Amino acid sequence: MIRSDEEFMRSALDLARQAERSGEVPVGAVVVKEGVIIGRGWNAPICRHDPSAHAEMLALREAAQYLGNYRLVGCELFVTLEPCTMCIGAIFHSRMARVVFGASDFKTGACGSVINLVAEQRLNHHTGMTGGVLAEECGQVLSNFFAMRRLQQKNPSLKQ
C-alpha cells in the first residue's frame, strides 16, 4: 500500500502533540524510506538540555541508527514546521532525497520563508522540497500552543 504525503504528515503531527505534552514547542518529524517510517522525532531541546534536539535532528539520528549509515540516501523527511538552517544543514549532510513540511516558519524558516538554502546552487547537495502539506492543521497546533503559553504568562494559575 502506498501512503500519501498527508498520511506521513499526520504521523509527524502525532509526534508534534507528543512534544506539546512534554512542554516543548509542538513540532514532529518522521523519516521515510520506501514507504516505511524509519525515524521519528519531536522537539525536545528543553527536556534534553540540548539546543540541537529539534524534531528533524532526532528523526535523522534515529533513521541513521536504523540504517547503520549517516547517509540517508533515498529517504524523505516529513516535518510539521519548515526546517531552520541547522536542520537543513543536517538534511543536506545526510543526503536526504526530499523534505516535506507543513507550516511555514516566518522567523527561522530556511526553505523559503526567511532564507532558501534549498535553492542555493553553491551548496554541494540539493534536496527536493514540498511545502504546505496540511499547513493549516500544522500551523493551528503551533498557534494554539503559543496562545496557551501567552495565557499562562498572564495567569500563572493555568499552568499544569
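What comes next is a walk through the structure.

What counts and how
Throughout, residues of each chain are indexed from 1 in the direction in which the sequence is written. Only residues with pLDDT of at least 70 get local features here, since the model is predicted, and only at 80 or more are side-chain atom pairs given and counted; chain-wide, interface and lining totals rely on the full set of residues. By convention in this description, side-chain values take in all heavy atoms of the structure and omit both hydrogens and water. For Phe, Tyr and Trp, where Trp contributes only its six-membered ring, two rings pair if their centres lie within 6.5 Å, and the inter-plane angle classes them as stacked under 30 degrees, edge-to-face over 60, or tilted in between. Put simply, DSSP H or I for four residues or longer makes a helix, DSSP E for two residues or longer makes a strand, and each gets a number counted from the N terminus. Burial classes: relative accessible area under 20% of the type maximum marks a residue as buried, over 50% as exposed, and values in between as partly exposed (1.4 Å probe, protein chains only). N or O atoms closer than or at 3.5 Å make up a polar contact, with two conditions inside protein: a donor-capable atom paired with an acceptor-capable one, and, for residues adjacent in sequence, both atoms drawn from side chains. Only heavy atoms matter for contacts: two residues are in contact if any of them lie within 4.5 Å across the pair. His is not counted here, nor are the chain ends, while Lys and Arg score as positive and Asp and Glu score as negative. Salt bridges are counted wherever a side-chain nitrogen of Lys or Arg sits within 4 Å of a carboxyl oxygen of Asp or Glu. A helix is expected to span 1.5 Å multiplied by its residue count minus one. To obtain the arc, one takes the directions from the helix axis to the C-beta atoms. What we call a nonpolar core is a set of buried Ala, Val, Leu, Ile, Met, Phe, Trp, Tyr and Cys residues that are connected through their side-chain atoms within 4.5 Å. Lines fitted to C-alpha atoms define the axes, with helix axes restricted to the stretch in contact, and inter-axis angles between N-to-C directions lie between 0 and 180 degrees. Reported orientations rely on four angle classes, namely roughly parallel under 35 degrees, roughly antiparallel over 145, roughly perpendicular from 65 to 115, and oblique for the rest. Any residue that is not Ala, Val, Leu, Ile, Met, Phe, Trp, Tyr, Cys, Pro, Asp, Glu, Lys or Arg is counted as polar, Gly included; the first ten are nonpolar and the last four charged.

The subject of this paragraph is the packing of aromatic side chains. Scanning the model with the defined rule gives two aromatic pairs in all. Judged by centre distance (5.1 Å) and plane angle (35°), the rings of F8 and F78 are tilted. Taken as a pair, F8 in helix α1 (residues 5-21) and F78 in strand β3 (residues 75-81) lie far apart in primary sequence, 70 residues in all. Among the residues examined, F8 registers a relative accessible area of 3% and is labelled buried. What makes F78 buried here is its relative accessible area of 0%. Centre to centre, the rings of F145 and F146 are 5.1 Å apart; their planes meet at 80°, and the pair counts as edge-to-face.

What follows concerns the side chain of T127. Secondary-structure assignment places T127 in the loop between β4 (98-103) and β5 (128-131). Engagement of the side chain of T127 in a polar contact is seen with the backbone oxygen of A97, the distance being 3.1 Å. One polar contact links the side chain of T127 to the main-chain amide nitrogen of R98, over a distance of 3.2 Å. Residues contacting T127, with those up to four places away along its chain left out, are I91, F92, M96, A97, R98, V99 and V118.

Counting through the fold element by element, E56 comes out in helix α3 (residues 55-67). Within the buried core, E56 has no salt-bridge partner, and the shortest N-O distance to an opposite charge, that of R61, equals 10 Å. Here E56 is in contact with A29, L77, V79, L81, P83, C84 and C87, once residues within four sequence places are set aside.

Attention now goes to helix α5 (residues 135-154). Spanning 20 residues, α5 covers 29 Å between terminal C-alpha atoms, matching the ideal 28 Å at 1.5 Å per step. Residues of α5 that are buried: C138, G139, V141, L142, F145 and Q152. Down the axis of α5, the smallest arc covering the buried residues is 155°, so these residues share one side. Of the exposed residues in α5, those oriented more than 90 degrees away from the buried face are E136 and K154.

On to the nonpolar core. Core analysis: the largest hydrophobic core is formed by 39 residues, its most contacted members being V31, L77 and M96. Dropping the residues within four chain positions of it, L77 is found in contact with A29, V30, V31, E56, A59, I91, M96, R98, V99 and V100.

Under the criterion given, the structure shown has six salt bridges. In this structure, the salt-bridge partner of E137 is R10, at a minimum N-O distance of 2.7 Å. Of this pair, E137 sits in helix α5 while R10 sits in helix α1, placing them 127 residues apart in sequence. Classification of E137 by relative accessible area gives partly exposed; the value is 30%.

What follows covers the packing of α1 against α5. The interhelical angle for the contact between α1 and α5, taken along N-to-C directions, is 5°, at an axis separation of 10 Å. Overall, the two elements α1 and α5 adopt an arrangement that is roughly parallel. Residue-level inspection shows M9, R10, L13, R17 and E20 of α1 in contact with α5, the latter providing E137, C138, V141 and F145. Taken together, the residues of the contact of α1 with α5 sort by class into five nonpolar, no polar and four charged.

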